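Structure at a glance
Here is how the chains run, residue by residue.
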Amino acid sequence: MAKLAESDLLPGLVRQALQLGGRTAPEFGSGFVLPGDSRILHTIESKLIAALHLTRIHNASPVPSGQNESVTKFLDNHMRPGWNPTRRNRNIGTKAQGYGSNNKLTIPESWHQPKRFYENLNAFKVITRTIAERDFHFFIEPTKPDWFYPCTVDDICKVLSHCPPEALAAFDLIVMRQPTRKQRILSPVWGRAIFFFDINQYSGPAIVIEAQDLSPIGWGKSIDPELTRELERLRRDGHEVRNTRRGLEIRVTPTSLRNTALYRTLLHELGHHVDYQRSTEDEWDQKTRTEKEDYAHKYALEAYTLLAKQGVLPFDLIIDEQSLQSDDLNRDWFYLPEDDQAT
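In this text, all values refer to a predicted model and were calculated from it rather than measured experimentally.

1. Points about the packing of helix 4 (residues 153-160) against helix 8 (residues 254-278)
Viewed as axis vectors pointing N to C, helix 4 and helix 8 meet at an angle of 50°, and their least axial separation amounts to 11 Å. Relative to helix 8, the element helix 4 is oriented oblique. Considering how the two elements wind past one another, helix 4 and helix 8 form a crossing that is right-handed. Facing helix 4, whose interface residues are Asp 155, Ile 156, Val 159 and Leu 160, helix 8 presents Arg 258, Leu 262, Leu 266, Leu 267 and Leu 270. Of the residues contributing to the contact of helix 4 with helix 8, the split by class is 7 nonpolar, no polar and 2 charged.

Structural data, given as structure tokens:
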């Protein structure tokens, strides 16, 4: 853009911009200088062009003839056709500018609450069971309609009672929690290993088993080697894997969910606790996520294989009505009528 001469063109531009636009100098921004200032800033030109163009739009009238016609010619020759000074950023209102980012589905968490979402329980029951001469506390949340825990407290106690003392010494609490809909969508898991769980007067390492429903589980088309191995484990658990246009769909049953939760997830999370206890803090921090997961998968497989050879696993679903009543637990939290394996 050619530079305007201070003596003749710039004063006329300033007067027209201020008079026709009805604006004051500070509204044009910090880079604006009034005529008479010895500095000629090239940013003045673009700011005044925007002001005059806005005036034409709002007043629907050109600059009066005889008042700096050279300015009008200059603007006509140098303004881009279709340029809209009110829209200077083509990203305004788009995803690139962040539009709609506040509507993204997220799991709500409070800044005032240091706990993660999976450490917050509602209306839970607390029961204590003795396993291999150690007391373990169970925290059980009520399930939503059509949701259930794939295994019972007695199921878990039976499996743990055949585990080595080193494994039982690695944790203190068993948590059975009901995830919310958002948590199921954004953070779907069978269970978790928490190395410090704190609730009420109880605290310590915990194994978490999450409630499930019978809705199909969708996977995308991008399957890496780790997910391929997980698919094989799911097939061994009894889940049906189908190909769809969007990827894979995993069909579940109460029996297949029980196999995954009781015979694999419980032992998998137990393996994480054993691995953590055997490692120093530096060693644990230096391990990658893949290394930790591989160890836990290996531990679960070896534990299941050993217990299966001993004739301990698998076993039928344990529903002890007297035990449920004494612990004030609802039978429907652990059992669906469609499952006909109750003993």
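On we go from here.
2. A look at the sheet that holds strand 6 (residues 217-219)
An order of 6-8-7 is seen for the 3 strands of this open sheet, with the pairing classed as antiparallel. The strands lining the two open edges of the sheet, one partner per strand, are strand 6 and strand 7 (240-244). Going across the sheet, the axis of each strand differs from the next one's by a mean of 25°, ignoring polarity. As judged from the 5 bridges shared by strand 7 and strand 8 (residues 247-251), these two strands associate in the antiparallel manner. In the strand pairing of strand 8, Glu 240 is matched with Arg 251. Contacts from helix 7 (residues 225-237) reach strand 6, strand 7 and strand 8 within the one sheet, and its direction differs from that of strand 6 by about 155°.

3. Some remarks on the nonpolar core
Core analysis: the largest hydrophobic core is formed by 43 residues, its most contacted members being Phe 138, Ile 140, Val 153, Ile 156, Leu 160, Leu 270 and Phe 334. At the level of elements, strand 1 (125-131), strand 2 (134-140), helix 4, helix 5 (165-168), strand 3 (173-177), strand 5 (202-210), helix 8 and helix 10 (289-309) are the ones that each hand at least two residues to this core. The biggest single contributor to this core is helix 8, with 7 residues. Once you skip the residues sitting within four places of it in the chain, Ile 140 turns out to touch Ala 123, Phe 124, Lys 125, Ile 127, Tyr 149, Val 153, Met 176, Leu 329, Trp 333 and Phe 334.

4. Observations concerning the packing of aromatic side chains
A full pass over the atoms with the stated rule returns 10 aromatic pairs. Each ring, one from Phe 195 and one from Trp 284, has its centre 5.3 Å from the other, and the planes form 85°; the classification is edge-to-face. Placement of the pair is Phe 195 in strand 4 (residues 191-199) and Trp 284 in helix 9 (residues 281-286), with a sequence separation of 89 residues. A relative accessible area of 26% means that Phe 195 is categorised as partly exposed. Three or more aromatic residues joined by ring pairs form one cluster here, namely Phe 124, Phe 139, Phe 197 and Tyr 202. Lys 287 extends its terminal NZ or CZ atom over the ring of Tyr 295, reaching a point 5.9 Å from the ring centre.

5. Concerning the layout of surface pockets
A water-sized probe rolled over the atoms picks out the places where empty space is left. If you add up the space inside the largest pocket, you get close to 1000 Å³. Around the largest pocket sit 33 residues that line it, and Pro 188, Val 189, Trp 190, Gly 191 and Arg 289 are the ones nearest its centre. Looking at which element gives the most residues to the lining of the largest pocket, the answer is strand 4, with 6 residues. Counted by class, the lining of the largest pocket contains 15 nonpolar, 7 polar and 11 charged residues. Its volume calculated, the second largest pocket comes out at about 380 Å³. Those elements that place two or more of their residues in the lining of the second largest pocket are helix 7, helix 8 and helix 10. Element by element, the count of residues in the lining of the second largest pocket is highest for helix 10, at 6 residues. Of the residues in the lining of the second largest pocket, the class split is 5 nonpolar, 2 polar and 8 charged.

6. A short note on unusual backbone geometry
In this structure, the amide linkage connecting Leu 313 to the following residue, Pro 314, adopts the cis form with an omega of -10°. Its place among the elements puts Pro 314 in the loop between helix 10 and helix 11 (321-326). Of note in this structure, Asn 200 is not a glycine but carries a positive phi near 55°. The exposure class assigned to Asn 200 is exposed, which follows from its relative accessible area of 58%.

What counts and what doesn't
Residues numbered from 1 in each chain as written. Predicted model: local features only at pLDDT ≥ 70, side-chain atom pairs only at ≥ 80, totals over all residues. Heavy atoms only, no water. Axes fitted to C-alpha atoms, helices over the stretch in contact; angles between N-to-C directions. Helix = DSSP H or I, 4+ residues; strand = E, 2+ residues; numbered from the N terminus. Parallel < 35°, antiparallel > 145°, perpendicular 65-115°, else oblique. Left-handed = near helix turned anticlockwise from the far one by under 90°. Contact = heavy atoms within 4.5 Å. Nonpolar A, V, L, I, M, F, W, Y, C, P; charged D, E, K, R; others polar. Pairing = 2+ DSSP bridges. Core = buried A, V, L, I, M, F, W, Y, C linked by side-chain atoms within 4.5 Å. Buried < 20%, exposed > 50% of the residue type's maximum accessible area, 1.4 Å probe, protein only. Phe/Tyr/Trp six-rings, centres within 6.5 Å; stacked < 30°, edge-to-face > 60°. Lys NZ or Arg CZ within 6 Å of the ring centre and 35° of its normal. 1 Å grid on protein atoms, 1.4 Å probe; cavity = no way out; pocket = protein on both sides within 12 Å on 5 of 7 lines; lining within 4 Å. Points joined across faces, edges and corners; volume = space filled by probe spheres on them.

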